[in-house]
Amino acid sequence: MGRSLQKLREKLGEKLREALLAVLPISAVVIILCFTIAPVTPGVLLCFLLGAVLVIAGMMFFTLGADMSMTPMGEKVGGAVTRSGKLWKVVLIFFILGFIITVSEPDLTVLANQVPQVPNMVIICAVAAGVGIFLVLAILRMLLGIALPPVLTFFYVICFILAFFTPREFLSVAFDSGGVTTGPMTVPFIMALGVGIASIRSDRHAADDSFGLIAMCSVGPILAVLLLGIFYNPTGAGYEPSSVPAPNDSAELWAMFASEIPQYMQEIALSLLPIVLFFGLYQVVSLHMSRQSLGRVAVGLVYTYIGLVLFLTGANVGFLPAGNYLGSVLASGEYRWALIPAAMVMGFLIVRAEPAVYVLNKRVEEMTDGAISSGAMGLALGFAVALSLALAMVRVLTGISVLWFLIPGYAIALGISFFVPKIYTAIAFDAGGVASGPMATAFLLPLAQGACLATGGDVVADAFGVVAMVAMTPPITVQVMGLISGVRRRKAAAPVPVQAGLDAVIEL
C-alpha cells in the first residue's frame, strides 16, 4: 500500500511539472501584455490568474486519469470488438461509441449555442452522427488497409464543394465543428481504440494505421454542419460577448468560480456516464478484466472527472473573458497590428496546455519507440498553431473569407500526404484535430472575437474559424517533418532514423 501511494505521489509530481511547463509560459506572456501595450482591469487579470491555477490543477489530474482509465478502456474495447469478426457488430458498436463520446464533449454545446436558428439538439445529434459514421469508416479503412490520403482528399473535396452552397455566416462555425468535437473526452478514447484494433493485426503497417482515426472523425462534423446550413439556411447566427468580470474583493472573485463549479460537475458527470455505462456493459459481456485492473480504471475515471471539472472551470471562467477583453484592447489601441505577433506567441505556447495534445504526443512517442519524440511533436504543433493564429488575426482585421485560407491550406496538406511515409500523414491529420481543443475554444477564439468586435467586423463570419485554422496547419508542419526525413534518407547510403529528420526541423 505504501509503495502504491509513493508511486502515485511521484506520478502526480510528474504531471504537475508537465502542467506547469504548459501553462506558465502563456500566463507570463499575457501578464507582460497586460502591463505593457494591452492594459486590462484588475478584475480581468485576477480572473485569468486564478483560472491558470485551476487549469494547472486540472491538467495534472486529467493527464494522470487518462493514462489510468481512458487509454486502457479504449484499447480493450477496440481489440475485443474487432476480434469478434462480425462486420455488423463492428459497425454498430463503433457507431454507438462515436455517437455517445461526441455527445459527451462539453465544447459541442458551446458550438450549438452559436447557431440560434437551429435547435441545439439538432446540431448535437447531427455532429454526433457524423463522428459515429466516420469512426466506422475509419475502422473499416484500418481493417481493409486502405491508404489514408485518397480517403481524406475525397471527403475534403466534398466539404469544400458544399461550402459554396452554405451561407457565409454559417461557414466558419461548420469548419470549427471539426476541431471542437475532437477534444479531451474524445481523443484519448478514440486513439486507444486505434491501438486496440491495430493489436490484432500482424502486418508491418499495423502501427502506422493505429493513427488516423481522429483525422477521419474531424471530417464528419464538418459535413454534418455544412448540410445543416444548407437545409436550415440560417440568415444570422447570433453572438453575445462575454461580460467583463469586475470582482470587488477576493471573496467575490472566488464566488465567481465557485458558482460555476457545480454546473461543470454535473456536465462532466453526464459526459462520462455514457462511456462508463458502455464499458461496464462490455466488461460484463465480453472483457472480464481482473478486479485490480478495474480498480485502476475506476480510480483513473475519478481523476479524469476531477481534472476536467477544474480545467473547464478555469478555462471558461478565467481564460475566456480574459481572452475576449485582451483581444478587444489589442485591436482598438494604437498598436493594432501587434495583435498578429502577440497571437502567434500565445498560439505557440497555448497548444502545449491542450490536454488532448499531451495524449497524442505521448502515444506517438510510444508507438514509434521514440523515433518521433513528444518534444519534436510539441515544437511542430507550436509552430503550426502560431501560423494559424497569424492568419486568423489577418482575417479578423481584414474580413477575408475563411475559404481563402482553408482551401489552399488543405490542398497543400493533402498534396504532401501522397509523398510522405504513411505514419506521418496519419499523425499529422490527427494532430490537426487534437490541437483545436478547449484551450483554443476558451482563449484563442474569444481573443479573435474581442478583436473583431473592436474593429467593427462580423464576429460570426470573421472571428469564428479560428478553431478551423488551428486544425489546418498541423497537417502541413508534421508532414514537412516526413519530407525532410525522406530527403535525408535518400541522400544517405544507408537508412537513417526518423529522429534525424525531426532534429533537422528543430535546428531550422
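Note that the coordinates shown come from a computational prediction; the quantities given were computed from them, not determined experimentally. (Residues numbered from 1 in each chain as written. Predicted model: local features only at pLDDT ≥ 70, side-chain atom pairs only at ≥ 80, totals over all residues. Heavy atoms only, no water.)

## Examining the overall build of the chain
Item 1. A tally of regular secondary structure across the chain gives 23 helices and zero strands.
Item 2. When the 508 residues of the chain are sorted by exposure, 58% land in the buried category.
Item 3. For the chain, contacts bridging at least 24 residues in sequence account for 86% of all contacts bridging at least 6.
Item 4. A total of about 19,600 Å² of accessible surface is found on the chain, and carbon and sulfur atoms cover 68% of it. (Helix = DSSP H or I, 4+ residues; strand = E, 2+ residues; numbered from the N terminus. Buried < 20%, exposed > 50% of the residue type's maximum accessible area, 1.4 Å probe, protein only. Contact = heavy atoms within 4.5 Å. Areas by Shrake-Rupley, 256 points an atom, 1.4 Å probe, with all protein chains shown as cover.)

## A few points about the pattern of salt bridges
Item 1. Tallied over the full model, the rule gives two salt bridges.
Item 2. Between D67 and K362 there is a salt bridge, with the nearest N and O atoms lying 3.0 Å from each other. Pair noted here: D67 is in helix α2 (residues 42-83) and K362 is in helix α15 (residues 355-367), with a separation of 295 residues, a long-range link.
Item 3. Connected through salt bridges with shared partners, the residues K15, D67 and K362 form a single ionic network. (Salt bridge = Lys/Arg side-chain N within 4 Å of Asp/Glu carboxyl O.)

## Structural notes on a nonpolar patch on the surface
Item 1. On the surface, V157, I161, F164, F165, L227, I230 and I407 cluster together to form a nonpolar patch covering roughly 670 Å² of accessible area.
Item 2. Where the nonpolar patch is concerned, the elements lending two or more residues are α6 (148-163) and α10 (213-232).
Item 3. Within the secondary structure, I407 is located in helix α17 (residues 403-416).
Item 4. Overall, I407 belongs to the partly exposed group, its relative accessible area being 30%. (Patch = residues over 30% accessible without salt bridge, like charges linked within 9 Å, V, L, I, M, F, W, Y side chains within 5 Å.)

## So, the packing of aromatic side chains
Item 1. Evaluation of the coordinates by the stated rule reveals 12 aromatic pairs.
Item 2. Here Y156 and Y410 contribute two aromatic rings whose centre-to-centre distance is 4.5 Å and whose plane-to-plane angle is 20°, an arrangement assigned as stacked. In this pair, Y156 is assigned in helix α6 and Y410 in helix α17, connecting sequence segments 254 residues apart.
Item 3. A residue is classified by how much of its surface remains accessible, and Y156, at 3% relative accessible area, is buried.
Item 4. Relative to F175, the ring of F160 lies with its centre 5.5 Å away and its plane at 25°, an arrangement referred to as stacked. Separated by 15 residues along the polypeptide, F160 in helix α6 and F175 in helix α7 (residues 168-180) bring together distant segments of the chain.
Item 5. Classification of F160 by relative accessible area gives buried; the value is 11%.
Item 6. Classification of F175 as buried rests on a relative accessible area of 4%.
Item 7. These aromatic residues form a ring-pair network of at least three members: Y156, F160, F175 and Y410. (Phe/Tyr/Trp six-rings, centres within 6.5 Å; stacked < 30°, edge-to-face > 60°.)

## Structural notes on empty space enclosed by the protein
Summary: where empty space remains is shown by rolling a probe the size of a single water molecule over the atoms.
Item 1. Taken as a whole and assessed by the stated rule, the structure comprises six cavities of 30 Å³ or more.
Item 2. Of the volumes computed, that of the largest cavity is approximately 110 Å³.
Item 3. Y156, S218, I222, Y410 and A471 are, among the 14 residues lining the largest cavity, the residues nearest its centre.
Item 4. Mapped by element, the contributors of at least two residues to the lining of the largest cavity are α7, α10, α18 (422-435) and α21 (466-472). (1 Å grid on protein atoms, 1.4 Å probe; cavity = no way out; pocket = protein on both sides within 12 Å on 5 of 7 lines; lining within 4 Å. Points joined across faces, edges and corners; volume = space filled by probe spheres on them.)

## Quick word on the packing of helix α13 (residues 291-332) against helix α19 (residues 438-455)
Item 1. Running from N to C, α13 and α19 cross one another at 25°; their axes reach a closest spacing of 7 Å. It follows that α13 is roughly parallel to α19 by the angle criterion. For α13 against α19, the interelement crossing comes out right-handed.
Item 2. Looking at side-chain class alone, the contact of α13 with α19 contains 16 nonpolar, nine polar and no charged residues. (Axes fitted to C-alpha atoms, helices over the stretch in contact; angles between N-to-C directions. Parallel < 35°, antiparallel > 145°, perpendicular 65-115°, else oblique. Left-handed = near helix turned anticlockwise from the far one by under 90°. Nonpolar A, V, L, I, M, F, W, Y, C, P; charged D, E, K, R; others polar.)

## Quick look at the layout of surface pockets
Item 1. When its volume is computed, the second largest pocket comes out at roughly 500 Å³.
Item 2. In terms of lining residues, the second largest pocket is bounded by 15 residues, among which S4, K7, L8, M68 and R296 are the most central.
Item 3. Take the lining of the second largest pocket: its biggest share by element is six residues, from helix α1 (residues 2-34).
Item 4. Of the residues that constitute the lining of the second largest pocket, the class distribution is seven nonpolar, two polar and six charged.

## Brief notes about the environment of P245
Item 1. Topologically, P245 is positioned in the loop between α10 and α11 (250-258).
Item 2. With 72 residues separating them along the chain, P245 and V317 place their C-alpha atoms 9.1 Å apart.
Item 3. P245 has contacts with T41, G43, V44, C47, M256 and P321, leaving out every residue within four places of it along the chain.

## Topic: the side chain of Q479
Item 1. When you line up the elements, Q479 lands in helix α22 (residues 474-491).
Item 2. When its relative accessible area of 0% is taken as the criterion, Q479 is described as buried.
Item 3. Among all residues touching Q479, those that are not within four sequence positions of it are A413, I416, S417, V420, Y424, T425, A428 and F429.

## Comments concerning the nonpolar core
Item 1. F94, L97, F175, L326 and M346 are the most contacted members of the largest nonpolar core, which totals 174 residues.
Item 2. F175 has contacts with F160, A163, I222, L226, L403, L406 and A468, leaving out every residue within four places of it along the chain.
Item 3. In this structure, M60, F61, M68 and Y303 belong to the second largest nonpolar core, which totals five residues. (Core = buried A, V, L, I, M, F, W, Y, C linked by side-chain atoms within 4.5 Å.)

## A few points about the packing of helix α3 (residues 87-103) against helix α8 (residues 186-198)
Pairs of packed helices are described in terms of their axes, by the angle between the two and the distance that separates them.
Item 1. Taken N-terminus to C-terminus, the directions of α3 and α8 make an angle of 160°; their axes are 10 Å apart at the nearest point. With respect to each other, α3 and α8 are oriented roughly antiparallel. Regarding α3 and α8, the two cross each other, and that crossing is left-handed. Contacts from F94, L97 and I101 of α3 reach α8 at T186, F189, L193 and I197.

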